[in-house]
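Spelled out, the chains give:
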Amino acid sequence: MTLPKISVDNVLRIFLALNQYPILSKRIRSRMRKELYARGIITKENLDAETRKKGIESQVREGLHNPLEEEPSDIWETRLLRIRDSLTDFYYAHNLPYEEFENLVRQLLAEHGSPDSDFVWFNPELAPQEMLFEQAEMIESMPPEERKKYEARLKELKVVLIRTMISDQLKYIKIARKWFTVADLKDIRARKIGGGKVGGKAAGMLLAMRIIKETAPADVAARFRLPVSFYLGSDVFYNFLTYNDLVHWNDQKYKTDEEMRADYPNLCAEFQQGQFPAEIMESLERILQEAGNKPLIVRSSSLLEDNFGTSFAGKYESIFLPNQGSHDEKYSALTRAITTIYASVLNPDALMYRHLKELADYDERIGILIQFVEGERAGRYYFPHAAGVAFSRNIYRWSPQIKQEDGFVRLVFGLGTRAVDMVGDDYPRLVALSHPRLHSSSDVRNIKRYSQQKVDLIDIESNSFTTVFVRDVFDADYPPLRFIAQVDEDGDLMPIRSRLADPAKMVVTFDGLLSRIPFAISMRTALKLLETYYKSPVDTEFALEIINPDGQPDVQITLLQCRPQSHIQDGAELQIPTDLDEKDIIFSTQTMVPQGAVQEIRYVLFVPSEGYFSLESQAERTLLERTIGQLNAALKDEVFIAVGPGRWGTSTPDLGVHVTYSDIYNTHALVELAGESVGASREPSFGTHFFQDLMEADIYPLGIFLDDKNTIFKREFFYDTPSHLNEFVSVDNPHVINALRLIAVSDYRPNHYLDLIMDAHKSYAVAFLVEEEAEVEAVEEKEAMVSGLPPVME
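My aim in this report is to walk through the structure given alongside it, one point at a time. The numbers attached to residues start from 1 for each chain and follow its sequence in the written order. Owing to the predicted nature of the model, reporting of local features is limited to residues with pLDDT of at least 70; listing and counting of side-chain atom pairs is limited to 80 or more, with chain, interface and lining totals taken over all residues. With hydrogens and water stripped out, all remaining heavy atoms of the structure feed into the side-chain values.

With that settled, consider the overall build of the protein. Numbering of helices and strands runs from the N terminus, with a helix taken as a DSSP run of H or I at least four residues long and a strand as a DSSP run of E at least two residues long. For the protein, the helix and strand inventory stands at 32 helices and 28 strands. Taking all 794 residues of the protein together, 56% fall into the buried category. Any two residues having at least one pair of non-hydrogen atoms within 4.5 Å are treated as being in contact. For the protein, contacts bridging at least 24 residues in sequence account for 75% of all contacts bridging at least 6. Here the open area of atoms and residues is found with the Shrake-Rupley method and a 1.4 Å probe, where only the protein chains shown may cover a residue. Surface exposure of the protein reaches about 34,800 Å², of which carbon and sulfur atoms provide 49%. Burial classes follow relative accessibility: with a 1.4 Å probe on protein chains only, a residue under 20% of its type's maximum area counts as buried, one over 50% as exposed, and anything between as partly exposed.

Working definition: a ring pair exists when centres of Phe, Tyr or Trp rings (six-membered ring for Trp) sit within 6.5 Å. Plane angles under 30 degrees give stacked, over 60 give edge-to-face, the rest tilted. Under the defined criterion, the tally for this structure stands at 25 aromatic pairs. Note on Phe717 and Phe718: the rings are 5.0 Å apart at their centroids and 80 degrees apart in plane angle, and the pair reads as edge-to-face. For the pair Phe717 and Phe718, one class covers both residues: buried. For Arg471, the ring lying beneath its charged end belongs to Phe469, and the centroid distance is 4.3 Å. The side chain of Arg715 reaches across the aromatic face of Tyr719, ending 4.2 Å from its centre. A ring is considered to have a charge above it if a Lys NZ or an Arg CZ atom is located within 6 Å of its centre and within 35 degrees of its normal.

Multiplying one less than the number of residues by 1.5 Å gives the expected span of a helix. End to end, helix 16 (residues 278–291) covers 20 Å across 14 residues, agreeing with the expected 20 Å (1.5 Å per residue, within 8%). Contact partners of the buried residues in helix 16: strand 1 (192–193), strand 3 (229–232), helix 14 (235–243), strand 4 (296–302), helix 17 (327–344) and strand 6 (366–372). Of the residues flanking the end of helix 16, it is Gly292, one or two places downstream, whose phi is positive at about 65 degrees.

Once that is clear, we can look at the sheet that holds strand 3. For two strands to count as paired, DSSP must find a minimum of two bridges between them. With respect to topology, five strands assemble into an open sheet ordered 1-3-6-4-5, the strand pairing being mixed. For this open sheet the edge positions go to strand 1 and strand 5 (318–321), each flanked by a neighbour on one side alone. Each axis is a line fitted through C-alpha atoms, and for a helix only the stretch in contact is used; angles between axes span 0 to 180 degrees, taken between their N-to-C directions. In the packing of helix 17 onto the sheet, the strands contacted are strand 3, strand 4, strand 5 and strand 6, and the crossing angle to strand 6 comes to about 145 degrees.

Looking now at unusual backbone geometry. Phi at Asp245 takes a positive value of approximately 55 degrees, unusual for a residue other than glycine. Looking at the secondary structure, you find Asp245 in the loop between helix 14 and helix 15 (257–272). Relative accessible area serves as the criterion here: at 64%, Asp245 is assigned to the exposed category. A positive phi angle is found at Asn548, which is not glycine, with a value near 50 degrees. Summarising the element assignment, Asn548 is placed in the loop between strand 17 (538–547) and strand 18 (554–564).

Before going further, it helps to examine the pairing of strand 23 (residues 669–674). Burial analysis of strand 23 places six of its six residues in the buried class, the great majority of the element. Burial along strand 23 is two-sided: the residues Ala669, Val671 and Leu673 and Leu670, Glu672 and Ala674 are all buried. Pairing analysis gives four bridges linking strand 22 (residues 640–645) to strand 23, with the strands arranged parallel. Its bridge partner being in strand 23, Pro645 is matched across the sheet by Leu673. The pairing of strand 23 with strand 24 (residues 700–705) spans six bridges and is parallel. The residue of strand 24 that forms the bridge with Leu670 is Pro701.

Quick look at the side chain of Thr558 now. Within the secondary structure, Thr558 is located in strand 18. Throughout this description, a polar contact denotes any pair of N or O atoms lying within 3.5 Å of each other; where both atoms belong to protein, one of them has to be capable of donating a hydrogen while the other can accept it, and for residues adjacent in sequence the pair is counted only when both atoms sit in side chains. A distance of 3.3 Å separates the side chain of Thr558 from the side chain of Glu374, its partner in a polar contact. In this view, Thr558 contacts Arg225, Leu226, Pro227, Glu374, Glu541, Phe542 and Ala543; residues no more than four positions away in its chain are not counted.

What follows deals with the sheet that holds strand 14 (residues 485–489). Read from one edge of the open sheet, three strands run 15-14-16, paired in antiparallel fashion. Pairing within the sheet leaves two strands with one partner each, and these edge strands are strand 15 (492–495) and strand 16 (506–508). Taking each pair of neighbouring strands and ignoring which way they run, the sheet shows an average axis angle of 45 degrees. Alignment of strand 14 against strand 16, held across three bridges, turns out to be antiparallel. Across the sheet, residue Val487 finds its bridge partner in strand 16, namely Met506.

The next subject is the environment of Phe230. Within the secondary structure, Phe230 sits in strand 3. Spatially, the C-alpha atoms of Phe230 and Arg191 are 5.1 Å apart, while their sequence positions differ by 39 residues.

This paragraph deals with the pattern of salt bridges. When charged atoms on two side chains of opposite charge get close, those side chains can pair. Here a salt bridge means any side-chain nitrogen of Lys or Arg lying within 4 Å of a carboxyl oxygen belonging to Asp or Glu. Under the definition given, this model contains 41 salt bridges. Arg189 serves as the salt-bridge partner of Glu130, at 3.2 Å between the closest nitrogen and oxygen. Of this pair, Glu130 sits in helix 7 (residues 129–140) while Arg189 sits in helix 11 (residues 182–190), placing them 59 residues apart in sequence. Residue classification places Arg189 among the partly exposed positions, given a relative accessible area of 22%. When the shortest N-O distance is used, the salt bridge between Arg380 and Asp459 registers 2.9 Å. Note that Arg380 is positioned in the loop between strand 7 (376–378) and strand 8 (381–383) and Asp459 in strand 12 (residues 454–459), a separation of 79 residues in sequence. Judged by its relative accessible area of 31%, Arg380 falls in the partly exposed class. By sharing partners, the salt bridges in this structure join Arg29, Arg33, Asp85 and Asp89 into a single network.

Written out as C-alpha cells, the structure reads:
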C-alpha cells in the first residue's frame, strides 16, 4: 500500500506528540482506538489479530525458532502492547486528519484530573505488566481528591505487581503493599532480567530500605542505602533446566538422603556445563559492562528465602567474584557462579531442610541477586571498612544492664562472611546496641584473645577471594584504622594516635567507631522501626563505610538483607528450683543464657573433646558426622540434648564439631563446651547462619565455660556412665566410638531424667536430675502403708 506523504508525516507527528504526554499516552491511544472502532476503520478483533501476527513476525526476525514458547510471557506481552500502539498510531494517522488528534489531546488535557469518563477497567490478574504500570502511574498522578476514588484500585494493582515480580508470600505482601510506590516497582522491573520473581532476599532488602527511608529521622535515613543490584528472575531457573536438558534432576527432593548425596557431585558437574539463552547472555554482558572492574557478589534469592519462620540462612551459595581479567574470563566466572547457585537449590542439606519445614512440595524456583561489592581498594586488596549482621532483639545478654529490645550486632573488619559463617578460629566484635562500648569481658587479655585475627577480602592482583591476617592488612596510613582498631600498650588498649604504631600490636575492637560515630544509634533506630512495621523482630546484613575519617567522621550503612528474626517459640516460663541440691546438678552456666526449658531429657549425646580431637583423619571426622546424623534420626521419638567441645556446626573441624542442620535437627539443645581444657573458644554462635537454623527448629544453643569458677560440670556423668551408642547405630571404628557417647540419664541415677531450665533474666542455666513421678508416688504409697496413713493426694 502506498501512503500519501502527509499520512507518514502524521504518524511521526502523533508519535512525537504522545512522547510529550507519557502519563496520558495510554488514555490518548485508548480514545484513538475507540474512534477507529466507532468509525468502522478497523474492528477490535482485526486489530488484535494483526497485532499478534506482527508480533510473531518480529520474533522470527530476531531468530526465535518457536516464538510462542521461547519468549517469556512478560516480554511477549510487552511486545504486543508496543505493536498495538504502533498500529493504532498508523491507522489513525492514515485515516483521520491531524487536527482531530489535536482536538482529542486538548480534550483529554482538559479532563486530566477527572478521568472517570475514560478510565479503563480490566482484570489486573490477566493483564500484562505494562498495562498495570500505566494505570497505576495514572492514578498516582491524579490530584488528591480524584485519587481517593481509585485508592482501592491502586492497591490492587500494586499487590498484583508485587506478587508477580517480587514475592507471593502473603505476610510479605500485606506489609509491602503499604510501602512500595509505583516508581519503586518500576525501578525493580528496570533491573530485572527474565521472567518470574526476584525472590526473598531481594524482596526483604528492598522493603526494609523503603521503610527506613519513609519512617526514620532524616539524619538516620540518610546513612542507609542499597548496593547497585540486578535481579535474575526466578523463571530463568526453569528455563535454564529446560534449555540444558536438566529437568530430570527436578525430582531429587523425593529421593532418600543417601541417593541425594550420591547424585549431588554429578548434578553439580552437569549444571556447570549449562548455557544460557541469548537474551539472558546479553543482559549479563550489560551488567559486566556497567561494573567495569568492580568486584561482584552473586547471591541466591529463592522464593522461600527470608520468610517468616523459614530463613533458609546459608542453605544456598553466595559467591564473590573479583571480576578481573579479560571480558571472557569475567563472563565465564559470572555464569559459573550462577550455575553453582542453581545447583545448590538441590543440595541435600537444603532439600532436607525443606522436608523438615514441610516445604518439599513447594515450587522452589530461585532468583539470583547480582550486586556490586561494597568497599574500596587498599593496596592489592578490596574490602569494606566493616560489615556484619544486626538483630532487633538481643537473645544473649552478657551483662544485666544490656537491654534485650535494643538489639545486637556481630561486627567484623572486611567482608561480612566472618560474621555470618561458623568460623571456629576467629571472633567478631559483639555489640549490644543498648551499651555499644560494653565488651563481653572486662579483662584486656580476653578482649585480645577473642578479637578478630583474620579478615576476608578480595585480592585484586590474584583475582581471588581470600583470607589473611589483619596485621598484614593494617597500615598506619589507612585513615579509618583508628576507628577499627586499638593498640596494645603494656597491657592496656589505647587509641591509635601515631602512624608509627606497630600493626602487630593492633587489636580489632571498633571502639573508635562505637564511641565517635553514630553507627550504633542509627542501627538501633532502624532496627526498631523495621521491627515495628514488620510486626516481628528482624535481622539484617550490612556493610559500612566510615566517611570523612580525617575530619568530621560519619558512617554510610549499605543494607544487604533483611528478614524476620528466627526465634524459639515461647514456651512455659519455668522457674529454677530454689532448693536444688548440688548433687542433683549435672551442669550449670552463668554466661550468655537464653530463655527457655527442656523437660524430661532421657538421653545425652556427648562428644568427648579427648576423643574428638584424637580423630586421625578427615575420613574419620566425616564418619563421626554421619554417625551423629544416624543417631539423630534414631532418637527422633526421644527427648535428648547434644553436648560437645567448641562450636557445633563450625566450618573449622579442628575447633568444634563440624555437623550440618540435617545431622542434629531432632535434638532439643546444643551445648558447647569452651575453655582451656577443651581447646575451644567462649564466643557464642549467636547470629550465624547455623544459629538461625537452631532458632527455627526450637533448639536451644547454650555455652558452658569450663574455666569459670561458678560453672558446674559433672565429669562422672559424661565419662563414667555406660554408652548406648551401638544399641541405636552400628559403629565399628574404635576412634569414632571413643569420640561419641550416648548416655541414658537413668543409668547415672535410676528412675530419673534431666530438666534443663534457662533463665535469661538471671543469666543462669542448670540441668538437674528429677525423679520419675510414678516412682515418687510408689514410694509415698509404700511409706503410707507402713505408717498406716492414707497417701497424700494432689
